[in-house]
Amino acid sequence: MLKAFRRAAALVAGICMAILLGQSTSVAAHTGFESSDPADGAVVEGPLDFVTIVFTGDAEPTGTGFEVLDASGEIRQPDDASSDDGRTWQLRFDPPLEPGAVGVRWLVKAPDAHPIDGSFQFEVVAPAPPSTATTLSPATTQSPTTTQSPTTTAAASDESPAEPGDDGSVALEDFLAAADDDGSPGPGRLAGVSRLVTLSGTLLAVGGLVFARQVARGDQSDVDRVLGWVRWAGGLVLIGALGELVAQIAIDAGGDWSVVGRASPLVETLSSSFGVALGLRVLGGLGVVVLGRVLAAAPVAASALVGAHLFDGHTVVEGQRLITAAVDIVHVVAGAVWAGGVASLAIVLWRRHRAGASSRAHELALRFSTVASLALAAAGLAGAALTVIVLDRPSDLWSTDWGRVLIVKIGLVGVALALGAVNHYRLLPALDDAPASPDLRRRLRVAVSVETAVFAAVVAATAILMGAAS
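The text that follows walks through the structure, step by step, so that each part is easy to find. (Residues numbered from 1 in each chain as written. Predicted model: local features only at pLDDT ≥ 70, side-chain atom pairs only at ≥ 80, totals over all residues. Heavy atoms only, no water.)

Regarding the overall build of the protein chain
So, step 1. Across its full length, the protein chain carries 14 helices and nine strands.
So, step 2. Out of the 470 residues in the protein chain, the part that is buried amounts to 45%.
So, step 3. Sequence separation of at least 24 residues holds for 72% of the intrachain contacts in the protein chain that already meet a minimum separation of 6.
So, step 4. In the form shown here, the protein chain has an accessible surface area of approximately 22600 Å², with 62% of it arising from carbon and sulfur atoms. (Helix = DSSP H or I, 4+ residues; strand = E, 2+ residues; numbered from the N terminus. Buried < 20%, exposed > 50% of the residue type's maximum accessible area, 1.4 Å probe, protein only. Contact = heavy atoms within 4.5 Å. Areas by Shrake-Rupley, 256 points an atom, 1.4 Å probe, with all protein chains shown as cover.)

This is the structure in structure tokens:
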């Protein structure tokens, strides 16, 4: 076992190094804010006709798109927003932006349809008047005229938008703070919950099918019970997919629920990469529900569930598409075999206990241990490779929300590993010596149930990672 772990660690290091070298020759695909002109906090002469925003990856305006709060406290949208490459967006304003404090915020979506928002501000000042040399007689000499500094101008202009006025003006602070939210907290929460439901159904369905074929073989009642849960998992996928669709339509409309029933927003959402992934989930979910009890045909439907990950999440926006897709598929399948298998094992053990039947716990646990070990190695390798692909630098692990959630997920997986190790090195040998011991059977049932609960937390963390920008 120790040799196997050493080999796995060496292979992980080799794959990570290869991907790092490959990434150096590829174009980064992260979508986030890169720069702007004027820059955040800049002071520029006006009136100003154009504002430029540059993103690190492809970005498409969605919902409210680009908005500006001008010096009068009025929210304006650009008269034209254009981009030649999908990354550099030039916003034109007519009439131009007059002197005063200006706020800019945006809501765009990455190629995987996830919304990205942000804001910045700058100061527009009146151009300095041309200097003229004038000789004044002593009788007409007056005190020098002072030109208001940009700092003074900023303070004066901030007075207007600082608080909402009777004329409908908007406070600059409120305008910029609104960009911290994508404008759709309700749809965002629905998307997160739906993503969790979809992912849970996918892992249970795929893992359950592998368990029924490779572990529960030989006992048709166990196979039928697991396949029954697989069909329920397909139903979870359908429910989650519907929630994701409704949430994405509302998010694309800037949080407007009223557009959900309209044809045009529906077609626009389904025509994206997200729509392809959603279609595969629906096909896979329906197939699992219909074919769930046909062990030979169900894997065809489950493959659609796995294939959906080729068109969603980091597969679309991170690294080189083929490499990321291959690694992501391995990660999903291995994770499903591991997590779904543990849940299936718990279902079978508790069913046998309630039925008073011989649990054959040692035989089942030993058989699953072999399958789980292979899945664990594959999931670890793929997870390490995905981390290298997604994160730009090691410090992103603790300096970004995505990295911190990943650390939590790794910790939860570590707990699951520890529980699995206890089962493998203590419970299984004890069951081998006393396979009929009721106490040992109970301890195995409890241990597998706790491990299933830990995996539920791992799935929740994974759903967050799938929906969050790195």
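From this point, the discussion proceeds with the structure in view.
Side note on helix H7 (residues 273–291)
So, step 1. Here H7 spans 27 Å end to end across 19 residues, near enough to the 27 Å set by a 1.5 Å rise per residue.
So, step 2. All buried positions along H7 are accounted for by Phe274, Gly275, Ala277, Leu278, Arg281, Gly284, Gly285, Gly287 and Val288. (Expected span 1.5 Å × (residues − 1).)

Here we look at the pattern of salt bridges
So, step 1. Using the criterion set out here, one finds four salt bridges in the structure.
So, step 2. Put simply, Asp58 and Arg87 hold a salt bridge, and the shortest N to O gap is 3.5 Å. Of this pair, Asp58 sits in the loop between strand S3 (48–55) and strand S4 (60–69) while Arg87 sits in the loop between strand S6 (80–82) and strand S7 (88–97), and the two are 29 residues apart along the sequence.
So, step 3. As a salt-bridge pair, Asp70 and Arg76 come within 4.0 Å of each other at their nearest N and O atoms. (Salt bridge = Lys/Arg side-chain N within 4 Å of Asp/Glu carboxyl O.)

Structural notes on the sheet that holds strand S9 (residues 115–125)
So, step 1. Here we have five strands laid out as an open sheet, ordered S2-S9-S8-S4-S5, and mixed in their pairing. Every interior strand has two partners, whereas the edge strands, strand S2 (43–45) and strand S5 (75–76), have only one.
So, step 2. As paired elements, S2 and S9 share three bridges and run parallel to each other. Across the sheet, residue Glu45 finds its bridge partner in S9, namely Val125. (Pairing = 2+ DSSP bridges.)

Description of the packing of aromatic side chains
Given two aromatic rings, one states the distance between the centres and the angle between the planes to describe the pair.
So, step 1. Tallying each qualifying case throughout the model produces eight aromatic pairs.
So, step 2. Ring geometry for Phe66 and Trp89: centres 5.8 Å apart, planes at 45°, overall tilted. Of this pair, Phe66 sits in strand S4 while Trp89 is found in strand S7, placing the two residues 23 residues apart along the sequence.
So, step 3. Taken together, Phe33, Phe55, Trp106, Phe120 and Phe122 form an aromatic cluster joined through their ring pairs.
So, step 4. Arg445 extends its terminal NZ or CZ atom over the ring of Trp350, reaching a point 5.2 Å from the ring centre. (Phe/Tyr/Trp six-rings, centres within 6.5 Å; stacked < 30°, edge-to-face > 60°. Lys NZ or Arg CZ within 6 Å of the ring centre and 35° of its normal.)

Section: a nonpolar patch on the surface
So, step 1. On the surface, Leu204, Leu236 and Ile239 cluster together into a nonpolar patch covering about 250 Å² of accessible area.
So, step 2. Checked against the element boundaries, Leu236 lands in helix H5 (residues 220–252).
So, step 3. Given the relative accessible area of 32%, Leu236 is considered partly exposed. (Patch = residues over 30% accessible without salt bridge, like charges linked within 9 Å, V, L, I, M, F, W, Y side chains within 5 Å.)

A look at a negative patch on the surface
So, step 1. On the surface, a cluster of negative charge is contributed by Asp49, Asp79, Asp80 and Asp94.
So, step 2. Residue placement: Asp49 occurs in strand S3. (Lys, Arg positive; Asp, Glu negative; His and termini not counted. Charge placed at Lys NZ, Arg CZ, Asp CG, Glu CD.)

Observations regarding unusual backbone geometry
So, step 1. Backbone torsion omega between Asp37 and Pro38 reads 5°, so that peptide bond is classified as cis.
So, step 2. Note on placement: Pro38 falls in the loop between strand S1 (33–37) and S2.
So, step 3. Between Asp94 and Pro95 the backbone carries a cis peptide bond, its omega angle lying at 5°.
So, step 4. Looking at where Pro95 falls in the secondary structure, it is placed in strand S7.

Observations concerning the pairing of S4
So, step 1. Inspection of the sheet shows S4 paired to strand S8 (residues 100–109) by six bridges, in the antiparallel sense. What sits directly across from Glu67, in S8, is Arg105.
So, step 2. Summarising the sheet, S4 and S5 pair through two bridges and their orientation is antiparallel. What sits directly across from Leu69, in S5, is Ile75.
So, step 3. The turn joining S4 and S5, which pair antiparallel and follow one another in sequence, is formed by five residues; a positive phi near 90° is taken by Gly73.

Structural notes on the packing of H5 against H7
So, step 1. Relative orientation of the contacting elements H5 and H7 amounts to 155°, with a least axis distance of 8 Å. Considering the angle they form, H5 stands roughly antiparallel to H7. Relative to H7, H5 is oriented so that their crossing is left-handed. Each of Val230, Arg231, Gly234, Gly235, Val237, Leu238, Ala241, Glu244, Leu245 and Gln248 in H5 lies in contact with H7, whose residues at this interface are Phe274, Leu278, Arg281, Val282, Gly285, Leu286, Val288 and Val289. (Axes fitted to C-alpha atoms, helices over the stretch in contact; angles between N-to-C directions. Parallel < 35°, antiparallel > 145°, perpendicular 65-115°, else oblique. Left-handed = near helix turned anticlockwise from the far one by under 90°.)

What to know about the sheet that holds S1
So, step 1. One open sheet holds the four strands; their spatial order is S1-S3-S7-S6, and the pairing between them is antiparallel. The open sheet terminates on both sides in strands that have one partner only, identified here as S1 and S6. On average, adjacent strands in this sheet sit at an angle of 15° to one another, irrespective of strand direction.

Focus: the environment of Trp89
So, step 1. Accessibility expressed as a relative area gives 11% for Trp89, which makes it buried.
So, step 2. Measuring from C-alpha to C-alpha, the distance between Trp89 and Val51 comes to 8.4 Å, with 38 residues separating the pair along the chain.
So, step 3. One polar contact links the side chain of Trp89 to the main-chain carbonyl oxygen of Gly86, over a distance of 3.3 Å. (Polar contact = N/O pair within 3.5 Å; in protein donor to acceptor, adjacent residues only side chain to side chain.)

Focus on the pairing of S8
So, step 1. Most of S8 sits out of view: ten of its ten residues are buried.
So, step 2. Sheet topology note: the S8/S9 ladder contains ten bridges and is antiparallel. Opposite Ala101, over in S9, you have Glu123 as the bridge partner.

Description of helix H8 (residues 298–307)
So, step 1. For H8, the tally of buried residues reaches seven of ten residues, placing the bulk of the element in the interior.
So, step 2. Three or more residues of H8 are buried, namely Ala298, Ala301, Ala302, Ala304, Leu305, Val306 and Gly307.

A word on the packing of H5 against helix H6 (residues 263–270)
So, step 1. Look at H5 against H6: their axes get within 10 Å of each other, and the N-to-C directions meet at 105°. The orientation of H5 with respect to H6, classified from their angle, is roughly perpendicular. Mapping the contact onto sequence places Leu245, Gln248, Ile249 and Asp252 in H5 and Pro265, Leu266, Thr269 and Leu270 in H6.

Bear in mind that shape data such as this cannot, by itself, settle questions of function.
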